[in-house]
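# Per-entry structural report
In case you want the letters, here they are:
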Amino acid sequence: MLGALGLNPDDEAVYNLLVRRGSAGPAELADALRMPVAAVGAALSHLTASGLVKCGPDEAYSVAPPAVALGALISEQRSALRSAELALVTLAEEYRGAVAGRAIDELIEVVTGVDAVRHRFAQVQHAARTEVRSFVTTPFLAVPPGTNAVEEVAVGHGVRFRVVVDRPTLAEPGVVAETLESLRNGVQVRVVDSLPIKLILADADLALVPLTATPGGEPGAVLLHRTGLLAAMDALFETVWRTARPLDLTAEGLTERPDGDGAAGPTELDRRILALLLAGLTDQVVAAQLDLSLRTLQRRLRHLMDLAGVETRMQLGWHAARHGWT
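Report follows, based on the coordinates. Numbering of residues starts from 1 in every chain and runs along the sequence as written. Under the rules for a predicted model, residues below a pLDDT of 70 receive no local features and side-chain atom pairs below 80 are neither given nor counted, while totals for whole chains, interfaces and linings still include all residues. Think of the side-chain values as coming from all heavy atoms in the structure, minus any hydrogens and water.

## Considering the packing of helix α1 (residues 9-21) against helix α2 (residues 26-33)
Between the N-to-C directions of two axes lies an angle of 0 to 180 degrees, each axis being a line fitted to C-alpha atoms and, for a helix, fitted only over the stretch in contact. Secondary structure follows DSSP: runs of H or I at least 4 residues long count as helices, runs of E at least 2 residues long count as strands, and numbering of each begins at the N terminus. In the contact formed by α1 and α2, the axes pass within 11 Å of each other and the chain directions differ by 110 degrees. Considered as vectors, α1 and α2 are oriented roughly perpendicular to each other. Within the contact between the two elements, α1 uses A13, V14, L17, L18 and R21 and α2 uses E28, L29, A32 and L33. Its residues assigned to classes, the contact of α1 with α2 comprises seven nonpolar, no polar and two charged. For classification purposes, angles smaller than 35 degrees are called roughly parallel, those larger than 145 roughly antiparallel, those between 65 and 115 roughly perpendicular, and all remaining angles oblique. Any two residues having at least one pair of non-hydrogen atoms within 4.5 Å are treated as being in contact. Residue polarity follows a fixed list, in which Ala, Val, Leu, Ile, Met, Phe, Trp, Tyr, Cys and Pro are nonpolar, Asp, Glu, Lys and Arg are charged, and the others, Gly among them, are polar.

Now the structure itself:
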């Protein structure tokens, strides 16, 4: 639980026990945790250096108030992440400038082998800052249903996902379950009769296009940087997206809406969210009332703001009232 703050399992075990006991010596901790005294001593030294515990008389250790001590560590981590994000922006701009002068063979990379394709698939999603778009169709060679762990992480960081899946793929084992989970996480999913290719796009910067594998041959893919081919993939996705039918999450499972042009209004769940928020309830209370996670609630609100074409919640409230969304 505290690994993100630089604590290893031994540190965390010792710290948790000290929180429960208030204070204890190394021997007492070692006996309770069934750990070597040397390992407990090393953990106490690390925790002391981190400001989480302090040593008192008779070598009795006690914890500093967790809200203060852990809060300070979390603030440091946030500050370091902000610095890393600023560095990322600078490096991304420098990279774009460098790419602009590359030869064509440097802008198109051929990837072969299951592991290499899977690795590039994850990298493309990690590279997205605002949006990931993808076509999902069979066969599944490198990333079968249920194995894309990056999607949930990226969605949690505020990256928007738009996915088009074809109907034959929905009949494949595990696809419906994965689609339901994606919808719960706020991913927008639409369905078409068939798709011409597999595709995943990160913003307007990268695209991965899997290649058709020959019988007995290794799967491959083409990674596109900013080129005319990437612009063509961008246009292809948007054309298919406009004609695809949205998939909604209902109590019975999946259902299609006939209006696939993006002009669809809010779902029944969206209307309930809006009604509770307009009644003055906080995000946390609304999420609890509707049995949603806070992240899912906020992603639904972001989706509603996109539908309404507004930037603030106040504007969303006005739009909802004027257009009968509540």
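Once the structure has been displayed, the description carries forward.
## What about the packing of α2 against helix α3 (residues 37-49)?
Two elements in contact, α2 and α3, have axes separated by 9 Å at closest approach and are oriented at 115 degrees. As α2 runs across α3, the sense of the crossing is right-handed. Note on element contacts: α3 touches α2 through V37, V40 and L44, opposite P26, L29 and A30. Of the residues belonging to the contact of α2 with α3, the class tally is six nonpolar, no polar and no charged. If you view the pair so one helix is near and one far, a crossing is left-handed when the near helix is turned anticlockwise from the far one by less than a right angle, and right-handed when it is turned clockwise.

## Comments concerning the nonpolar core
In this structure, F161, V189 and L208 are the most contacted members of the largest nonpolar core, which totals 26 residues. Elements represented by at least two residues in this core include exactly α6 (114-127), α7 (150-156), β6 (160-166), α9 (175-184), β7 (188-192), β8 (199-202), β9 (206-211) and β10 (220-224). In this structure V189 touches V163, V165, T179, L183, R245, P246 and L247, once residues within four positions along its chain are discounted. We define a nonpolar core as any set of buried Ala, Val, Leu, Ile, Met, Phe, Trp, Tyr and Cys residues linked to one another through side-chain atoms lying within 4.5 Å. Here's how the labels work: a residue is buried when its accessible area is under 20% of the maximum for its type, exposed when over 50%, partly exposed in between, all with a 1.4 Å probe on protein chains only. In terms of nonpolar packing, the next biggest core, distinct from the first, is built from 19 residues, A30, L52, V53 and Y61 among them.

## Some remarks on the packing of aromatic side chains
When two rings of Phe, Tyr or Trp (its six-membered ring) have centres within 6.5 Å they constitute a pair, described as stacked for plane angles under 30 degrees, edge-to-face for angles over 60, and tilted for the intermediate range. Throughout the structure, instances matching the rule amount to two aromatic pairs. Relative to W241, the ring of F237 has its centre 5.8 Å away and its plane inclined at 20 degrees; by these criteria the two rings are stacked. Of the two residues, F237 and W241 are both situated in helix α10 (residues 228-243); the distance of four residues between them amounts to about one turn of the helix. Residue class for F237 comes out buried when judged on its relative accessible area of 0%. Among the aromatic side chains, those forming a connected cluster through ring pairs are F135, F237 and W241. Geometrically, a lysine NZ or arginine CZ counts as sitting over a ring once it is within 6 Å of the ring centre and also within 35 degrees of the ring normal. When the ring centre of W241 is taken as reference, the NZ or CZ atom of R162 above it lies at 5.0 Å.

## Concerning the sheet that holds strand β1 (residues 23-24)
In sheet architecture, strand pairing relies on hydrogen bonds along the backbone and comes in two forms, parallel and antiparallel. Pairing in this open sheet of three strands is antiparallel, and the strands run β1-β3-β2 from one edge to the other. Edge strands, defined here as strands with exactly one partner in the open sheet, are β1 and β2 (53-55). For two strands to be treated as a pair, DSSP must find at least two bridges joining them. Two strands pair when backbone bridges link them, and β1 and strand β3 (residues 61-63) are joined in this way by two bridges, in the antiparallel orientation. Residue pairing across strands places S23 opposite S62, the latter belonging to β3.

## Topic: the pattern of salt bridges
The term salt bridge refers to a pairing of a side-chain nitrogen on Lys or Arg with a carboxyl oxygen on Asp or Glu at a separation within 4 Å. What the rule picks out here adds up to 13 salt bridges. A salt bridge links E238 to R133; the nearest nitrogen and oxygen atoms lie 2.8 Å apart. Residue E238 is found in helix α10, and its partner R133 is found in strand β5 (residues 131-136); the two are separated by 105 residues along the sequence. Owing to a relative accessible area of 4%, R133 belongs among the buried residues under this scheme. D283 is the salt-bridge partner of R313, the closest N and O atoms lying 2.7 Å from each other.

## Quick word on helix α11 (residues 268-278)
When we look at burial in α11, the residues that qualify are D270, I273, L274 and L277. Summarising the axial view, the buried residues of α11 lie within an arc of 95 degrees, below the 170-degree limit, and thus occupy one face. Lining the buried residues of α11 we find α12 (283-289), α13 (294-308) and α14 (313-322). In the stretch just after α11, G280 is the one whose phi turns positive, near 100 degrees. As used here, the arc is the angular range of directions from the helix axis to the C-beta atoms.

By themselves, these observations are geometric and do not establish any function.
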